[in-house]
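Each chain, written out:
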Amino acid sequence: MNDMLLIGLYALTAGGVVGLAGAGMLRLLRGRSILIHILVLLVVTVLAVVAGVATVAWAMFLSAHDLTVVLVTVSASAVISLALGAIFGSRLAAAAVWARAARERERRLEAGRRELVAWVSHDLRTPLAGMRAMAEALEDRIINDPVTVTDYHRRIRVETDRMTQLVDDLFELSRINAGALRLAPTTVPLREIVSDAIAGVAPLAANRKIQLIAADTGWPLVRAGERELARIVSNLLINSVRYTPEDGTVHIAAGREHDDVWLAVSDTCGGIPDDDLGRVFDVAFRGERSRTPGSAGSGGGGGLGLAIVRGLVEAHGGRVDVRNTDRGCQFEVRLPTG
């Protein structure tokens, strides 16, 4: 009985020393990856067992041959344990990292959804209150002046169009996020798409004295959904016009590079703060504190245009980026040629 207690004491002492050393090492590696922590923990555990067995074997005064046999056996078992532990530990670490990233992404999406609901509710409630007040004034004949009546009718129509656009944007974004977007790619002349988009944005640009300039040459053909591509170009132009000061310039060009077709929209908005560059494609992000429709320029907007652009571009297998230039910023879309 005393021998067994002595053997247990030797094993606990040897294993405890290795365990304390391992705990110190883990403390020093606090900022490292999960995989490193798992591997270190595995090595410490196996070494603790090896140290315990080796210490007990040595304390039992085994012959050199018998001690070698014990050490070889334990070492072989340790190698197998470490190999299996490394393989499954790496998988466990990858799963943990993926799960953490998924949780973070879900939290961001949930925060974005809540923010979107709050902002859209504001953007709908404010014009609806104004429209109701104007409609009641017209219905009760409080307003009889023909000029004012005409102005009320015009303002109701403008607000109706803006809310219709907001609802359309929400529907488009919901299709993208739900994976319900079905593309019908065709070979599209990019020049015609841009020409139509410029014609649609021209009244807004003229009202704000902004010059729209399209490159004379370099317009390639692109394989894409025609309606979706038109939406991408239109949203980019509208965004640049809204955020460019009066008497500014918006320039659009395109070309082919390697296996990509690129489209660039540059403006003279003065640039985007560095903290906001990574967020401009987020849902409902406008880069301003005011949530008043129209504060960013004529026409307002629900903060969904660039989020829709990113969703449509990624649905085509492409990417969209933004960077600051000397006088403003540049949005660049790249789509695969195939």
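Keep in mind that this is a model prediction, so the values were computed, not measured.

Criteria and thresholds
Residues numbered from 1 in each chain as written. Predicted model: local features only at pLDDT ≥ 70, side-chain atom pairs only at ≥ 80, totals over all residues. Heavy atoms only, no water. Helix = DSSP H or I, 4+ residues; strand = E, 2+ residues; numbered from the N terminus. Rg over C-alpha atoms; globule rule 2.2 N^0.38 Å. Buried < 20%, exposed > 50% of the residue type's maximum accessible area, 1.4 Å probe, protein only. Contact = heavy atoms within 4.5 Å. Areas by Shrake-Rupley, 256 points an atom, 1.4 Å probe, with all protein chains shown as cover. Lys, Arg positive; Asp, Glu negative; His and termini not counted. Charge placed at Lys NZ, Arg CZ, Asp CG, Glu CD. Polar contact = N/O pair within 3.5 Å; in protein donor to acceptor, adjacent residues only side chain to side chain. Core = buried A, V, L, I, M, F, W, Y, C linked by side-chain atoms within 4.5 Å. Salt bridge = Lys/Arg side-chain N within 4 Å of Asp/Glu carboxyl O. pLDDT = per-residue confidence, 0-100. Pairing = 2+ DSSP bridges. Axes fitted to C-alpha atoms, helices over the stretch in contact; angles between N-to-C directions. Expected span 1.5 Å × (residues − 1).

Right, let's get into the overall build of the chain. Looking only at helices and strands, one finds eight helices and seven strands in the chain. Relative to the globule expectation of 20 Å for 338 residues, the C-alpha radius of gyration of the chain, 33 Å, shows a markedly less compact shape. Burial statistics for the chain: of 338 residues in total, 34% are counted as buried. Contacts in the chain between residues far apart in sequence, at least 24 positions, make up 72% of those at least 6 positions apart. When the accessible surface of the chain is totalled, it reaches about 20100 Å², and 60% of it is carbon and sulfur. Of the side chains in the chain, 37 bear a positive and 37 a negative charge, and the two mean positions are spaced by 4 Å.

A separate point is the environment of S266. Relative to the elements of secondary structure, S266 occurs in strand β5 (residues 260–267). On a C-alpha basis, the gap between S266 and T249 in space is 8.2 Å, while along the polypeptide they are 17 residues apart. Apart from the residues within four sequence positions on either side, S266 is in contact with T249, V250, H251, C329 and Q330. Looking at S266, its side chain comes within polar contact range of the side chain of Q330, at 2.9 Å.

With 50 residues, the main nonpolar core has L190, L237, I252, L263 and F331 as its most contacted residues. With eight residues, helix α5 (residues 190–207) is the largest single contributor of residues to this core. Once residues lying within four places of it in the same chain are set aside, the contact partners of L263 are L190, V194, W219, V233, I252, A253, A254, F331, E332 and V333.

A few words on the side chain of E228. Structurally, E228 can be placed in helix α6 (residues 226–243). Look at E228 and you get buried, because its relative accessible area is 7%. Setting aside residues up to four positions removed in sequence, E228 forms contacts with L181, R182, L183, L312 and H316.

The next thing to look at is the pattern of salt bridges. Taken as a whole and judged by the stated rule, the model has 14 salt bridges. Taking the shortest distance from any N to any O, the salt bridge between R231 and E172 comes out at 3.8 Å. Separated by 59 residues along the polypeptide, R231 in helix α6 and E172 in helix α4 (residues 146–177) bring together distant segments of the chain. Across the pair, E172 and R231 agree in class, each one buried.

Quick look at the environment of V233 now. Take V233: it is sitting in helix α6. We classify V233 as buried; its relative accessible area is 0%. Once you skip the residues sitting within four places of it in the chain, V233 turns out to touch I193, V194, A197, I252 and L263.

A separate point is unusual backbone geometry. Most peptide bonds take the trans configuration, and most residues that are not glycine carry a negative phi. A positive phi angle, near 55 degrees, is found at K209, a position not held by glycine. Counting through the fold element by element, K209 comes out in the loop between α5 and β2 (211–214). Owing to a relative accessible area of 55%, K209 belongs among the exposed residues under this scheme.

Let's shift gears to the confidence of the model for the chain. Across the chain, pLDDT averages 81, with 91% of residues at or above 70. Ranking the elements of the chain by mean pLDDT puts helix α1 (residues 2–28) last with 75 and β5 first with 94. Note on residues 289–300: pLDDT under 50 across the span, and 23 contacts to partners over four residues away in sequence or across chains.

On to the sheet that holds β5. Pairing within the open sheet is mixed, and its five strands lie in the order β2-β4-β5-β7-β6. Only two strands of the sheet have a single partner each, and these edge strands are β2 and β6 (319–324). Here the strands of the sheet are splayed against their neighbours by 15 degrees on average, with no regard to which way each runs. Two elements, β6 and strand β7 (residues 329–336), share six bridges in a ladder whose sense is antiparallel. Counterpart to N324 in the pairing with β7 is C329. Seen against the sheet, α5 touches β2, β4 (249–257) and β5 and runs at an angle of roughly 175 degrees to β2.

Here the focus is helix α2 (residues 34–59). Along an α-helix, residues three or four positions apart point the same way, because every turn accommodates 3.6 residues. Between its terminal C-alpha atoms α2 stretches 37 Å, which fits the 38 Å expected from 26 residues at 1.5 Å a residue. V40, V44, V46, A51, G52, V56, A57 and A59 are the residues of α2 that are buried.

Turning to the pairing of β4, a few remarks are in order. In terms of strand pairing, β2 meets β4 through four bridges, oriented parallel. Counterpart to L212 in the pairing with β4 is V250. Here eight bridges tie β4 to β5, and the two strands are oriented antiparallel to one another. Pairing of H251 across the sheet is with S266, part of β5. Hairpin connection, β4 to β5: the antiparallel pair is bridged by two residues, and H258 has positive phi, about 55 degrees.

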